[in-house]
Amino acid sequence: AQSVSQHNHHVILSEAASLELGCNYSYGGTVNLFWYVQYPGQHLQLLLKYFSGDPLVKGIKGFEAEFIKSKFSFNLRKPSVQWSDTAEYFCAVRGSQGNLIFGKGTKLSVKP
Amino acid sequence: ETGVTQTPRHLVMGMTNKKSLKCEQHLGHNAMYWYKQSAKKPLELMFVYSLEERVENNSVPSRFSPECPNSSHLFLHLHTLQPEDSALYLCASSQAIGGYEQYFGPGTRLTVT
């Protein structure tokens, strides 16, 4: 069965620190990968997605992710976080039924 | 705003009550989804509809009953729920089933007492 693992449950950073959130998926076929963000009290929003092509994907708000097929990974990065990046981040892979299979999420707390 | 609305935003119900959650999308999408978000667990897919036909039922208990009268509306009818059903229920839509971005509503926070 397809699954997504996010290794960090809660990450605490100071403003201007660099961020990398890990995501690994289990699926050997063609993958569509997503990162969603959920700000406190708000709905899930798409940060970025990978379908094909350049494995380095740029999203909104300065986020990027790199698809490494050999490692089954799709890690999310941002060079310098801001307090407003405090949120929960979810990695997802498209399932065989067209649905999204999500990881458990990583809470990011950025200290001002 | 994502173009997907859900009502009510909060719901408290007893185990013997019957209630319904409503989702509406204004994006012209053809696929709609119900997900359950519980604390410390990944989002779980409950139901998938494509062009008003149910495509996926992820072994959800029969006390949850979905209804999709048209491509813009999706309901989740609830009856005789258990306290462990307390969660955030999220609706999403996408252009079609497949590798398309899903747009999520704000969710309904359900508490079963």
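Residues numbered from 1 in each chain as written. Chains lettered and ligands numbered in written order. Predicted model: local features only at pLDDT ≥ 70, side-chain atom pairs only at ≥ 80, totals over all residues. Heavy atoms only, no water.

A. Representation of the interface of chain B and chain A within the structure. Across the boundary between the two partners, chain B contributes 25 residues, which contact 19 residues of chain A. Between chain B and chain A, roughly 1700 Å² of surface is buried when both sides are summed, and carbon and sulfur atoms account for 60% of that area. At the junction of chain B with chain A, the criterion picks out one salt bridge. Between E101 of chain B and K49 of chain A there is a salt bridge whose closest N-O contact spans 3.8 Å. Within the residue set of the side of chain B that touches chain A, elements represented by two or more residues are β4 (31-37), β5 (44-50), β6 (53-57) and β9 (87-94) of chain B. (Contact = heavy atoms within 4.5 Å. Buried area = accessible area lost by both parts, 1.4 Å probe. Salt bridge = Lys/Arg side-chain N within 4 Å of Asp/Glu carboxyl O. Helix = DSSP H or I, 4+ residues; strand = E, 2+ residues; numbered from the N terminus.)

B. Here's a closer look at the sheet that holds strand β7 (residues 64-70) of chain B. Residues and elements named next belong to chain B. With respect to topology, four strands assemble into an open sheet ordered β1-β3-β8-β7, the strand pairing being antiparallel. Either end of the sheet is taken by a strand with one partner, and the two such strands are β1 (4-7) and β7. Neighbour-to-neighbour, the strand axes of the sheet open up by a mean angle of 20°, direction not taken into account. Here four bridges tie β1 to strand β3 (residues 18-25), and the two strands are oriented antiparallel to one another. Residue V4 lies in a different strand from β3, and its bridge partner there is Q25. (Pairing = 2+ DSSP bridges. Axes fitted to C-alpha atoms, helices over the stretch in contact; angles between N-to-C directions.)

C. View of the pairing of β5 of chain B. Residue and element names in this part refer to chain B. Taking burial as the measure, the seven residues of β5 include five buried ones, the bulk of the element. One ladder, built from six bridges, connects β4 with β5; its direction is antiparallel. Paired with M32 across the bridge in β5 is Y49. Linkage of β4 to β5, two consecutive antiparallel strands, is achieved through a turn of six residues, within which K40 is found at a positive phi near 65°. (Buried < 20%, exposed > 50% of the residue type's maximum accessible area, 1.4 Å probe, protein only.)

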